[in-house]
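Single-letter residue listing:
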Amino acid sequence: MNLTTLVGEPWSHYGLMDCGHGRKLERYGPYSFIRPEPQAMWAPALDAWDADGEFMPGSDEEGGGRWEFARPVPRDGWEMEWEGVRFRSQCTPFRHLAFFPDMAPQWAWMRERLGEGAEALNLFGYTGVGTLAMSATGARLVHVDASKKSVEAGKQNAALSGMAERPIRWLVEDAAKFVAREVRRGRRYDGIILDPPKFGRGPAGEVWKLEDGLPALIADCRRLLDAESRFLVLTVYAVRMSALAMGELLRQATAGLGGQVECGDMAVREEARGLLLPTAIFARWSRD
């Protein structure tokens, strides 16, 4: 099992401008924002930050908070682009900007392993940027998320990208239940990506807890892979989990498939100094 760091580099529509003292300054298209970042424990490069908006966190450990704006920012979002995929970014109540830019290295890696006629499954697919990145290769996609709002945003992003007619199934479903049904149907996929939350609820109120549900979900995902499958990617933003533990979970689950497993940190490169800001952990199996 290989231990590595996936580094998200700046691109024309996104960059980590500076970070430090528990915050980060990022550019999203024409706008810049400040958000809390506990892992930025060092001092920032710049003495002062000028941003269009800042997310002010709540006082409790469960999150919460609000956006405060220094200049007008479109509340319904603005268009952005990554490698031919167009989508809307937006200041959400959950402090995110409607996509996760540190996933770009994963999108590129999966693209390399899919092509015309392949089929991939995106679980907890959010607003569909990763789904569209894979669809652009000519692959067929199944996009699953428990949030109707997120799935609708994915469809709108597909239209922005000129991919509205691509073979993508957009499903508002509980991910674990959907995968279990796919196993019973005898389905298989060339690639699977899942980005499960620490805690969540399905469309019918199903309760998801990462530590409790992840092993069974990975086991079912393995049953959807065969000797011709190409990858299984797992990303987690819960900092209490270890990349090594996730890697071992995947290594055991995919032991009969051959190939290799790698795990480690995901990070983005700061533009001011080139330092790496860790954002999440990952584990992935691939045929090559």
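Residues numbered from 1 in each chain as written. Predicted model: local features only at pLDDT ≥ 70, side-chain atom pairs only at ≥ 80, totals over all residues. Heavy atoms only, no water.

1. As for helix α4 (residues 175-185)
No. 1: Listed in full, the buried residues belonging to α4 are A175, F178, V179, A180 and E182.
No. 2: Buried residues in α4 make contact with β9 (119-123), β10 (140-145), β11 (168-172) and α5 (210-223).
No. 3: Directly beyond the C-terminal end of α4, a positive phi value near 75° is found at G186. (Buried < 20%, exposed > 50% of the residue type's maximum accessible area, 1.4 Å probe, protein only. Helix = DSSP H or I, 4+ residues; strand = E, 2+ residues; numbered from the N terminus. Contact = heavy atoms within 4.5 Å.)

2. Focus: the pairing of strand β17 (residues 276-286)
No. 1: Here β17 lies mainly inside the structure; nine of its 11 residues are buried.
No. 2: Where strand β15 (residues 231-236) lies against β17, six bridges are found, and the strand directions are antiparallel. Within β17, the position partnered with V236 by the bridge is I281.
No. 3: Hairpin connection, strand β16 (residues 260-269) to β17: the antiparallel pair is bridged by six residues, and G274 has positive phi, about 85°. (Pairing = 2+ DSSP bridges.)

3. Details of the packing of α5 against helix α6 (residues 243-253)
No. 1: Running from N to C, α5 and α6 point in directions that differ by 35°, and their axes come no closer than 10 Å. Of the two possible hands of crossing, α5 and α6 adopt the one that is right-handed. On the side of α5, the interface is formed by L214, P215, I218 and R222, while α6 contributes L249, L250 and A253.
No. 2: Each residue belonging to the contact of α5 with α6 can be placed in one class, and the counts come to six nonpolar, no polar and one charged. (Axes fitted to C-alpha atoms, helices over the stretch in contact; angles between N-to-C directions. Left-handed = near helix turned anticlockwise from the far one by under 90°. Nonpolar A, V, L, I, M, F, W, Y, C, P; charged D, E, K, R; others polar.)

4. A closer look at the environment of F33
No. 1: The residue F33 is located in strand β4 (residues 31-36) in this model.
No. 2: Here F33 falls in the buried class, since its relative accessible area comes to 0%.

5. Details of the packing of aromatic side chains
No. 1: Following the criterion strictly, the structure yields 14 aromatic pairs and no others.
No. 2: Judged by centre distance (5.7 Å) and plane angle (20°), the ring pair of F33 and W78 falls under stacked. One end of the pair, F33, is in strand β4; the other, W78, is in strand β7 (residues 78-82), with 45 residues separating them in the sequence. Comparing F33 with W78, the two get one shared label, buried.
No. 3: With centroids separated by 5.5 Å and ring planes inclined at 40°, the aromatic side chains of F100 and Y126 adopt a geometry described as tilted. On the criterion of sequence distance, the pair formed by F100 in the loop between β8 (85-89) and α1 (104-112) and Y126 in the loop between β9 and α2 (129-135) is long-range, its members being 26 residues apart.
No. 4: On the accessibility criterion, F100 (19% relative accessible area) is buried.
No. 5: Put simply, the rings of W11, Y14, Y28, Y31, F33, F55, W67, F69, W78, F87 and F99 touch in pairs and so form one group of aromatic residues.
No. 6: Note that R284 overlies the ring of W109, its terminal NZ or CZ placed 4.0 Å from the centroid. (Phe/Tyr/Trp six-rings, centres within 6.5 Å; stacked < 30°, edge-to-face > 60°. Lys NZ or Arg CZ within 6 Å of the ring centre and 35° of its normal.)

6. A look at the sheet that holds β11
Two orientations exist for strands paired in a sheet by backbone hydrogen bonds: parallel and antiparallel.
No. 1: Spatially, the eight strands line up as an open sheet ordered β1-β16-β17-β15-β12-β9-β10-β11, and their pairing is mixed. Taken across any chain shown, the strands that pair with only one partner, and hence form the sheet edges, are β1 (2-8) and β11. Strand-to-strand twist across the sheet, computed as the mean angle between neighbouring axes with direction ignored, equals 15°.
No. 2: Bridge count between strand β12 (residues 191-194) and β15: four bridges; the pairing is parallel. Paired with I192 across the two strands is L232, which belongs to β15.
No. 3: Strands β9, β10 and β11 of the sheet are contacted by α4, whose axis makes an angle of about 150° with β9.
No. 4: Across the sheet, α5 lies against β9, β12 and β15, angled at about 175° from β12, the strand it touches most.

Everything listed is a geometric property; what it means functionally is a separate question.
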